[in-house]
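The residues making up each chain are set out below.
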Amino acid sequence: MGATQTPWTFHQAAFGRAGGAGGNIAVYDVNGDKLPDIVTALAAHGFGLAWYEQKRDATGTISWVEHLIMGDFAAKNPKGVTFTELHALTTADIDGDGIQDIITGKRHWAHLDSYSDPDPHGAPVLYWFRTVRNPKAPGGAEFVPELIHNRSGVGSMIQAADLNKDGAIDIIVGTNRGGHIFWGASRGGRRGAAAPLPAAGKQ
């Protein structure tokens, strides 16, 4: 109410890295403290995935604490997973636990063969990162990467929806390797990631 009647107040915050930022920002309560947090890639054509924990002081002033999820090859990354060019990102409750999860991947050869992006020959992977609320983890949450596919990657956008109305989230990506739908599958009565990887050459 009233959002169009007075100018908005600008609040400066750095969600990314100097010289670059992610292609998408997602907002959800990562750690369960009832405050919306921010998830984003740190550089759409570089390294890094992070979430920013919202903090509020006694006066209601908002600040943000960065928690790195995945860094470069020298960082301690979950399950050793590292990839670059997280050009597209979205969230959805993949496993049906009531908490949003992160879906992202590598945009392969975004600048053709210019070698201007790091790790240009890395596999064009698509992952979902399961959000696990853990009071002992920094900020109260940690992320578990789960591979969806290693030959499609992401383009400029990812969509997540239950396309066939079976109760599981499906993932849609369009990349320089074609358009792909990854149909969500049930695992022992509980929703899980996309169905097992297809044989080479089949989608």
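Everything below is about the structure printed above this text.
Residues numbered from 1 in each chain as written. Predicted model: local features only at pLDDT ≥ 70, side-chain atom pairs only at ≥ 80, totals over all residues. Heavy atoms only, no water.

**Q** Go over the sheet that holds strand β9 (residues 158-161), please, and point to the residues and values.
**A** Judged by pairing direction, the sheet is antiparallel, and its three strands sit side by side in the order β9-β10-β11 without closing on themselves. Pairing within the sheet leaves two strands with one partner each, and these edge strands are β9 and β11 (178-182). Between one strand and the next, the sheet's axes are offset by a mean angle of 15 degrees, whatever the strand orientation. Examined bridge by bridge, β9 and strand β10 (residues 170-175) share four bridges and lie antiparallel to one another. Looking at the pairing, A160 lines up with I171 of β10. (Pairing = 2+ DSSP bridges. Helix = DSSP H or I, 4+ residues; strand = E, 2+ residues; numbered from the N terminus. Axes fitted to C-alpha atoms, helices over the stretch in contact; angles between N-to-C directions.)

**Q** Account for the sheet that holds strand β1 (residues 25-28), with residues named and values stated.
**A** If you trace the four strands from one edge of the open sheet to the other, you get β1-β2-β3-β4, paired in antiparallel fashion. Single-partner strands in this sheet number two, and they are β1 and β4 (62-70). Each strand of the sheet is rotated relative to its neighbour by a mean of 25 degrees, with strand direction disregarded. The pairing of strand β3 (residues 49-56) with β4 spans eight bridges and is antiparallel. Residue L49 lies in a different strand from β4, and its bridge partner there is M70.

**Q** Describe the packing of aromatic side chains, listing the residues and the values that go with them.
**A** Each aromatic ring pair is described using two quantities: the centre-to-centre distance and the angle formed by the ring planes. A full pass over the atoms with the stated rule returns seven aromatic pairs. Where F15 meets W64, the ring centres are 5.4 Å apart and the plane angle is 85 degrees; that geometry is what we call edge-to-face. With F15 in the segment before β1 and W64 in strand β4, the pair connects residues that are 49 residues apart, well separated along the chain. Arranged with centres 5.6 Å apart and planes meeting at 85 degrees, the rings of W109 and Y115 form a pair that is edge-to-face. (Phe/Tyr/Trp six-rings, centres within 6.5 Å; stacked < 30°, edge-to-face > 60°.)

Nothing here speaks to function; it is all geometry.
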